[in-house]
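Listed below, chain by chain, are the residues.
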Amino acid sequence: MAPYHAFVTENRTTVAIANQKGGVGKSTTAINLGAALALQGEKVLLVDLDPQGNATSGLGVDRGSIDQSVYDILVADVPAEDVIEPTSVRNLHVVPATIDLAGAEIELVSTFSREQRLRNALKHLDADYDFVLVDCPPSLGLLTINAMTAADEVLVPIQCEYYALEGVGQLLKNVELVTNNLNPALIVEGVVMTMFDGRTNLASEVVEQVRTHFGETAYETIIPRTVRLSEAPSFGEPIEAFDEMSRGAIAYRELGREFRRRHGRT
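Note that this is a predicted model, so its numbers are computed, not measured.

## Comments concerning the pairing of strand E8 (residues 218-224)
Point 1. In terms of burial, E8 is largely enclosed, as five of its seven residues are buried.
Point 2. The pairing of strand E7 (residues 187-196) with E8 spans three bridges and is parallel. For Phe-196, the partnering residue across the bridge sits in E8 and is Pro-224.

Structure below.
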C-alpha cells in the first residue's frame, strides 16, 4: 500500500489522543484540554472516536437525541459538517459518538481505503478550526488507525500508577507502522501524565520513570487525581465550567498553555 501525504492546513493541527489501556484519562484529557484551548482563544473540534461516547456525554451532548454521529461519517460518507454539535464552551465543537460506532470496525473491513475514512472526512472539513482533537478508543484497532492516519500528532496520556508504561511500547510500534505505511508525517508530540496522587511514593516514581524514558516529549504539567475531575462528566461539563478553581481545572489550563507554547501559539 502506497503511503499518502498527510493533509495539513496552514492553521489546523490534528491530534490523536491515544493509549490502548483503558482508564488512563484519554477522554478526560480530550474534553478538558479541548475546553482549555477553546477558552484560551483557539477554535477546537473534538472528534469522539470511542464507542463508549464519554467525550460526547462529558460535553453535555445527549447521545439519545443524536441523529447522525461519527459512525455516519466513517461508514456512510456523511460530511463532517452535518454531524458537528455545539457545546457549552465557546469555540469548542464535537463530532459525537454513539454505540453504533462499536460495529464500525467490522463494517469497515471490506471498505475501500478503510484506514483513511476519517482523514478524507477531515480533509474536506471547513479549515476554520485551529486544532482537531481525536479521542481514540482503548484499543489499537481500525478506529485508532483511522485517527492516526488522519492526525499530524499523537498525544499519549499515561496514568501515574503501577504498570503505567505497560503497553506503551506496542502503541509506539503501531505509530511507527502507521508512519511507515500510511502517514509519514505522524509524530508522537507529547506524553501527559494523569491521575497523579502526591500522597504516594509510587506516583512520584512513575513521573521520574516517564521523564527518563520520554525526555522532553513528556509535558511538564501533571494532571492530579481529584474528585472534581471525576464528577464533572456526569454533569456534562468540562472541569473549567464545573469548578474553575479546582486543582484539575488549574492543571488543564496550564496544560493548554503548555500545549499552545509547543505549537507556537503564544
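## Some details on the packing of helix H1 (residues 26-39) against helix H11 (residues 247-262)
Point 1. Across the interface, H1 lies against H11 with an axial gap of 8 Å and an inter-helix angle of 70°. On the basis of the axis angle, H1 is roughly perpendicular to H11. Seen from H1, the contacting residues are Thr-28, Thr-29, Asn-32, Leu-33, Ala-36 and Leu-37; seen from H11, they are Tyr-252, Arg-253, Leu-255, Gly-256, Phe-259 and Arg-260.

## Some points on a nonpolar patch on the surface
Point 1. Nonpolar side chains collect at one region of the surface, where Tyr-162, Tyr-163 and Leu-202 lie side by side and expose about 350 Å² of accessible area between them.
Point 2. Here Tyr-163 is to be found in the loop between strand E6 (153-159) and helix H7 (168-181).

## Observations concerning the sheet that holds E7
Point 1. Read from one edge of the open sheet, eight strands run E3-E4-E2-E5-E1-E6-E7-E8, paired in mixed fashion. With partners counted over all chains shown, the strands left at the sheet margins are strand E3 (85-86) and E8, one partner each.

## A few points about the environment of Pro-238
Point 1. Mapping Pro-238 onto the fold places it in the loop between helix H9 (227-231) and helix H10 (239-242).
Point 2. Through-space distance from the C-alpha of Pro-238 to that of Leu-122 is 24 Å; in sequence the pair is 116 residues apart.
Point 3. Setting aside residues no more than four positions away along its own chain, Pro-238 makes contact with Ile-31, Asn-32, Ala-35, Gly-58, Leu-59, Val-89 and Ala-232.

## A closer look at the pattern of salt bridges
Point 1. Considering all chains together, one arrives at 14 salt bridges under this definition.
Point 2. A salt bridge links Arg-117 to Asp-77; the nearest nitrogen and oxygen atoms lie 2.8 Å apart. Placement of the pair is Arg-117 in helix H5 (residues 117-123) and Asp-77 in the loop between helix H3 (70-76) and E3, with a sequence separation of 40 residues.
Point 3. The salt bridge involving Asp-197 is made with Arg-199; its shortest N-O contact spans 2.9 Å.
Point 4. Salt bridges here are not isolated pairs; linked through shared partners, they connect Glu-42, Asp-130, Arg-260 and Arg-265.

## Observations concerning the side chain of His-263
Point 1. Residue placement: His-263 occurs in the segment after H11.
Point 2. Here Glu-153 takes part through its side chain, which lies 2.8 Å from a polar atom of the side chain of His-263.
Point 3. Sequence-distant contacts of His-263, that is, excluding residues within four places in its chain, are made with Thr-13, Phe-131, Glu-153, Glu-189 and Tyr-219.

Scoring rules and cut-offs
- By convention here, each chain's residues receive numbers from 1 onward along its written sequence.
- Note on the predicted model: pLDDT of at least 70 is required for a residue's local features to be given, and 80 or more for side-chain atom pairs to be given and counted; whole-chain, interface and lining totals, by contrast, use all residues.
- No hydrogens and no water enter the side-chain calculation; it runs on all heavy atoms of the structure.
- Only protein chains enter the accessibility calculation, which uses a 1.4 Å probe. A residue is then buried if its area is under 20% of the maximum for its type, exposed if over 50%, and partly exposed in between.
- Helix and strand assignments follow DSSP, with helices taken as H or I runs no shorter than four residues and strands as E runs no shorter than two, numbered in order from the N terminus.
- Strands qualify as paired when DSSP identifies two bridges or more between them.
- Whenever a helix is involved, its axis is fitted only over the stretch in contact; in every case the axis is a line through C-alpha atoms, and angles between N-to-C directions fall within 0 to 180 degrees.
- Between 65 and 115 degrees an angle is taken as roughly perpendicular, under 35 as roughly parallel, over 145 as roughly antiparallel, and anywhere else as oblique.
- Whether two residues are in contact is decided by their heavy atoms: any pair within 4.5 Å suffices.
- Patch criteria: residues need more than 30% relative accessible area and no salt bridge. Like-charged residues are merged within 9 Å; nonpolar side chains of Val, Leu, Ile, Met, Phe, Trp and Tyr are merged within 5 Å.
- Methods summary: accessible areas were calculated by the Shrake-Rupley approach with a probe of 1.4 Å, and residue burial reflects only the protein chains presented.
- For this document, the term salt bridge refers to a Lys or Arg side-chain nitrogen within 4 Å of an Asp or Glu carboxyl oxygen.
- In protein, a polar contact requires one atom able to donate a hydrogen and another able to accept it; more generally it is a pair of N or O atoms within 3.5 Å, and residues adjacent in sequence count only if both atoms are side-chain atoms.

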